[in-house]
Amino acid sequence: MRLRLLFVFLVGSLVITSSVADAAWISSAGGSGRASAITVNPGSAPTATISGRTVQLTWTASTMSNGAAVGGYVITRYDSAGSSQQTILSGTCAALVSGTSCSETATPPGTWQYSVTPAYGDWRGPESPKTSATVGTPSLVLSPILTKSPNTLSGTLANFTDGETITFHLDGTSGTELAGTVDGSPTPAAVPTGGGGSVSVTLPPGISDGPHTVYAVAAPSSDNASAALTFDSTAPPSPTIT
């Protein structure tokens, strides 16, 4: 009798265990009973728009094979050859993206390739074709390049990271700090949206004649750009009257 009861108990346990496993399998498949037929469709190639050091990506929504919405998208940045995966450190592309757009901020200068991979829970669809994006190197342009001191130069800076703080320095990134403005704001001044703007740099008296370099330095990243100048305070010769 005890053996019979034990047999019934074991059979009942197997039936219950089997039913629970089947239910979990069906639930994870959306309840259709045909989990193997439901897949995540491929991602669509993103469109990249660059503004300074920010890369804005947009793409077309993907779906499951049954028409249901996917859970989100994984964004991947590769090197220029599209073979070595890079790390996205900042911006909304760094984590799983719920919508169809995101941005990477403080992107390193260079040419990169981006892809979109649809996700649904732990499932991943096929990766999209890659899209190329080129982020420029920080630059500083000043004029006139033939100058003397004291003087005030005007120009532009570009491809810095939005919101970082700019200062100007003479003959080195930690050289004498020069007064200046960025989009009219006295330095230290924040980098405007878009990574650049108009600048002015004031040259104090006493700078020797010859070649010198003005640096724009961003904090806290230490990104910098330079503009080469030639100082010449020699007055032109008086005209000869004949």
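Residues numbered from 1 in each chain as written. Predicted model: local features only at pLDDT ≥ 70, side-chain atom pairs only at ≥ 80, totals over all residues. Heavy atoms only, no water.

Explain the side chain of Glu 104 here, please?
Among the structural elements, Glu 104 can be located in strand E4 (residues 101–104). A distance of 2.9 Å separates a polar atom in the side chain of Glu 104 from a polar atom in the side chain of Arg 77. (Helix = DSSP H or I, 4+ residues; strand = E, 2+ residues; numbered from the N terminus. Polar contact = N/O pair within 3.5 Å; in protein donor to acceptor, adjacent residues only side chain to side chain.)

I tried to follow the state of the cysteines on my own but got confused; where do I start?
This model, assessed by the stated rule, comprises one disulfide. Paired through a disulfide, Cys 93 and Cys 102 show a sulfur-sulfur distance of 2.0 Å. The S-S bond linking Cys 93 to Cys 102 shows a torsion near 95 degrees; that makes this disulfide right-handed. Neither residue differs from the other here; Cys 93 and Cys 102 are each classed as buried. (Disulfide = S-S within 2.5 Å. Buried < 20%, exposed > 50% of the residue type's maximum accessible area, 1.4 Å probe, protein only.)

Help me understand unusual backbone geometry in this model?
Where the residue is not glycine, phi is negative for most of them; where a peptide bond is considered, it is trans in most cases. A cis amide bond links Ser 149 with the next residue in sequence, Pro 150, at an omega value of 0 degrees. Secondary-structure assignment places Pro 150 in the loop between strand E9 (146–147) and strand E10 (151–158). Cis rather than trans, the peptide bond between Thr 187 and Pro 188 has omega equal to 0 degrees. Here the phi dihedral of Asp 183 falls at roughly 50 degrees; this positive angle occurs in a residue that is not glycine. Note on placement: Asp 183 falls in the loop between strand E13 (180–182) and strand E14 (185–186).

For this particular structure, what's the right way to read the packing of aromatic side chains?
We describe a pair of aromatic rings using the distance from one ring centre to the other and the angle between the two ring planes. Evaluation of the coordinates by the stated rule reveals two aromatic pairs. With a centroid separation of 5.5 Å and 70 degrees between ring planes, the pair formed by Trp 59 and Tyr 73 is classed as edge-to-face. Residue Trp 59 is located in the loop between strand E2 (54–58) and strand E3 (72–78), and its partner Tyr 73 is located in strand E3; the two are separated by 14 residues in the primary sequence. An identical accessibility class is assigned to Trp 59 and Tyr 73; each is buried. An angle of 45 degrees between the planes, with centres 6.0 Å apart, marks the rings of Tyr 120 and Trp 123 as tilted. (Phe/Tyr/Trp six-rings, centres within 6.5 Å; stacked < 30°, edge-to-face > 60°.)

Which parts of the structure should I look at to understand the sheet that holds strand E8 (residues 139–143)?
Paired through backbone hydrogen bonds, the strands of a sheet run either parallel or antiparallel to each other. If you trace the five strands from one edge of the open sheet to the other, you get E8-E10-E16-E13-E14, paired in antiparallel fashion. Each end of this open sheet is capped by a strand with a single partner; those strands are E8 and E14. As paired strands, E13 and strand E16 (residues 197–203) are joined by three bridges and run antiparallel to one another. From the neighbouring strand, Val 182 faces E16, where its bridge partner is Val 199. (Pairing = 2+ DSSP bridges.)

When you look at the pairing of strand E1 (residues 47–51) in this model, what are you seeing that I'm missing?
Side-chain direction in a regular strand flips from residue to residue, so the side chains alternate between the two faces of the sheet. The pairing of E1 with E2 spans five bridges and is classified as antiparallel. Considered in E2, the bridge of Thr 49 is made with Gln 56. Counting the residues that bridge the hairpin from E1 to E2 gives two residues, and of these Gly 52 lies at a positive phi of roughly 65 degrees.

What is the right way to read the side chain of Asp 79 from this model?
Looking at where Asp 79 falls in the secondary structure, it is placed in the loop between E3 and E4. For Asp 79, the contacting residues outside a window of four places in its chain are Ser 84, Gln 86, Thr 111, Trp 112 and Gln 113. (Contact = heavy atoms within 4.5 Å.)

Just to check I follow, could you spell out the nonpolar core for this structure?
A general tendency of soluble globular proteins is for nonpolar side chains to be buried together. Formed by 23 residues in total, the largest nonpolar core has its most connected members in Leu 140, Leu 142, Ile 166, Phe 168 and Val 214. Among the elements of the structure, E8, E10, strand E11 (165–170), E16, strand E17 (210–219) and strand E18 (224–231) are those that each provide at least two residues to this core. Among the elements that make up this core, the one with the highest residue count is E18 (four residues). When near neighbours in sequence (up to four residues on either side) are disregarded, Val 214 contacts Leu 140, Leu 142, His 169, Leu 170, Leu 178, Val 201, Leu 203, Ala 225, Ser 226, Ala 227 and Leu 229. Membership of the second largest hydrophobic core comes to 18 residues, among which are Trp 59, Val 97, Tyr 114 and Val 135. (Core = buried A, V, L, I, M, F, W, Y, C linked by side-chain atoms within 4.5 Å.)

I keep staring at the environment of Thr 58 and nothing clicks. Help me out?
Mapped onto the fold, Thr 58 is located in strand E2. Those residues in contact with Thr 58, other than ones at most four positions away along the chain, are Ala 45, Pro 46, Thr 47, Thr 100 and Ser 101.

It is not clear to me how the pattern of salt bridges should be interpreted in this structure. Could you clarify?
When the charged atoms of two side chains with opposite charge come close together, those side chains can pair. Under the criterion given, the structure shown has two salt bridges. Here Asp 223 and Arg 53 are joined by a salt bridge, their closest N and O atoms 2.8 Å apart. Here Asp 223 is found in the loop between E17 and E18, whereas its partner Arg 53 is found in the loop between E1 and E2, with 170 residues between them in sequence. For the pair shown, Asp 223 and Arg 53 are each scored as buried. A salt bridge links Arg 77 to Glu 104; its shortest N-O distance comes to 2.9 Å. (Salt bridge = Lys/Arg side-chain N within 4 Å of Asp/Glu carboxyl O.)

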